Amino acid sequence: MSFQLRREEVLDAAGLAAMLEESPARAAQAILLAAGEGEVEAQALLGQILLDGQGIAQDQPLALRWFAIAANRGHLMARNMLGRCHEHGWGCAADASVAAQHYRIAAEAGLDWAMYNLANLQATGRGVTVDHQQALALYRRAAELGHAKSMNLLGRYLEEGQVCPADPLAALEWYRRSAEAGDFRGQFSYAAVLAAEGRIEEALKWLGEAMSTGNLAFLRVSSESLLASPHPDIRNMAQAYRQRITLLEAPDRCPSSAMRGNG
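Residues numbered from 1 in each chain as written. Predicted model: local features only at pLDDT ≥ 70, side-chain atom pairs only at ≥ 80, totals over all residues. Heavy atoms only, no water.

A. Quick peek at the overall build of the chain. Scanning the chain from N- to C-terminus turns up 14 helices and 0 strands. The linear arrangement of helices and strands in the chain, starting from the amino end, is α-α-α-α-α-α-α-α-α-α-α-α-α-α. Counting the 263 residues in the chain, one finds 46% classified as buried. Long-range contacts, defined as pairs at least 24 residues apart, comprise 48% of the intrachain contacts of the chain with a sequence gap of at least 6. Accessible area for the chain stands at about 12900 Å²; split by element, carbon and sulfur atoms hold 53% of it. (Helix = DSSP H or I, 4+ residues; strand = E, 2+ residues; numbered from the N terminus. Buried < 20%, exposed > 50% of the residue type's maximum accessible area, 1.4 Å probe, protein only. Contact = heavy atoms within 4.5 Å. Areas by Shrake-Rupley, 256 points an atom, 1.4 Å probe, with all protein chains shown as cover.)

B. Geometry of the packing of aromatic side chains. For the structure shown, the criterion picks out 6 aromatic pairs. Note on Tyr 139 and Tyr 157: the rings are 6.0 Å apart at their centroids and 45° apart in plane angle, and the pair reads as tilted. Here Tyr 139, found in helix 8 (residues 132-144), pairs with Tyr 157, found in helix 9 (residues 148-160); they are 18 residues apart in sequence, far enough to count as distant. The class of Tyr 139 is buried, set by a relative accessible area of 3%. For the cation-ring pair, Lys 205 lies above Trp 206, with the distance from its terminal atom to the ring centre recorded as 3.6 Å. (Phe/Tyr/Trp six-rings, centres within 6.5 Å; stacked < 30°, edge-to-face > 60°. Lys NZ or Arg CZ within 6 Å of the ring centre and 35° of its normal.)

C. Quick peek at the pattern of salt bridges. On inspection of all chains with the given rule, the structure shows 8 salt bridges. Taking the shortest distance from any N to any O, the salt bridge between Glu 197 and Arg 199 comes out at 2.9 Å. For Glu 197, a relative accessible area of 45% translates into the label partly exposed. Linked through salt bridges whose partners overlap, the residues forming this network are Glu 173, Arg 176 and Glu 180. (Salt bridge = Lys/Arg side-chain N within 4 Å of Asp/Glu carboxyl O.)

Here's what the structure looks like:
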């Protein structure tokens with residue numbers, strides 16, 4: 001298959017993922033060419049593959065520069081990724097307050113990922129003053145736009161009644177929507193509520209879904225949580241989670257890449 005960046009349209013995420021999966025080095029050449037010719041989508045993607053080292057030598061400072069180029073031309077995800085770089089110190093000194101500035105610009109322009117990332121900083125007081133009311137408002141806005149991770153965190157606020165009236169039914173609905181949208185933490189949250197209601201078979205299904213896509217940090221914490229369940233079938237899932245952890249820790253495993261809003 002021949003892959004080329006088409007100048008007449010913005011490349012869809014699935015097409016870019018297929019290109020990078022099939023031939024990363026060849027895709028990187030095409031992306032470099034298009035970025036150099038001024039294609040803003042390619043400039044943002046070049047920042048991502050430089051950040052990941054996918055098809056091209058990893059270079060975080062150069063990734064930061066390309067994100068800045070695309071962001072300054074109005075690319076919202078590139079602006080969000082500038083925030084990510086400053087939050088985590090990728091190619092620059094870590095500075096959560098600078099990250100918050102970038103997230104806020106993209107959030108105010110309507111990017112759900114930036115709303116989510118800014119809400120995370122406000123919920124934890126990193127780089128900004130702790131403000132759970134604002135964090136909740138941002139999670140809600142992003143959730144209403146279809147952002148799966150925000151749906152899960154909105155559900156948590158509603159379940160716990162933190163800075164809002166507790167609403168278990170609304171929390172369950174947001175957990176369900178997050179789970180069905182593919183967020184592994186939302187799937188785990190939904191499974192936890194289902195298990196508490198005695199709906200064990202449904203809970204096991206969603207625990208399996210969460211296990212298949214969850215990252216290592218999530219799986220390690222969740223496997224311990226599962227061991228504390230009063231339900232034997234759910235406790236048994238802890239072993240499956242540990243097997244998944246062993247697989248993900250294998251040294252020859254190559255992680256996939258895509259334009260990331262958050263890890």
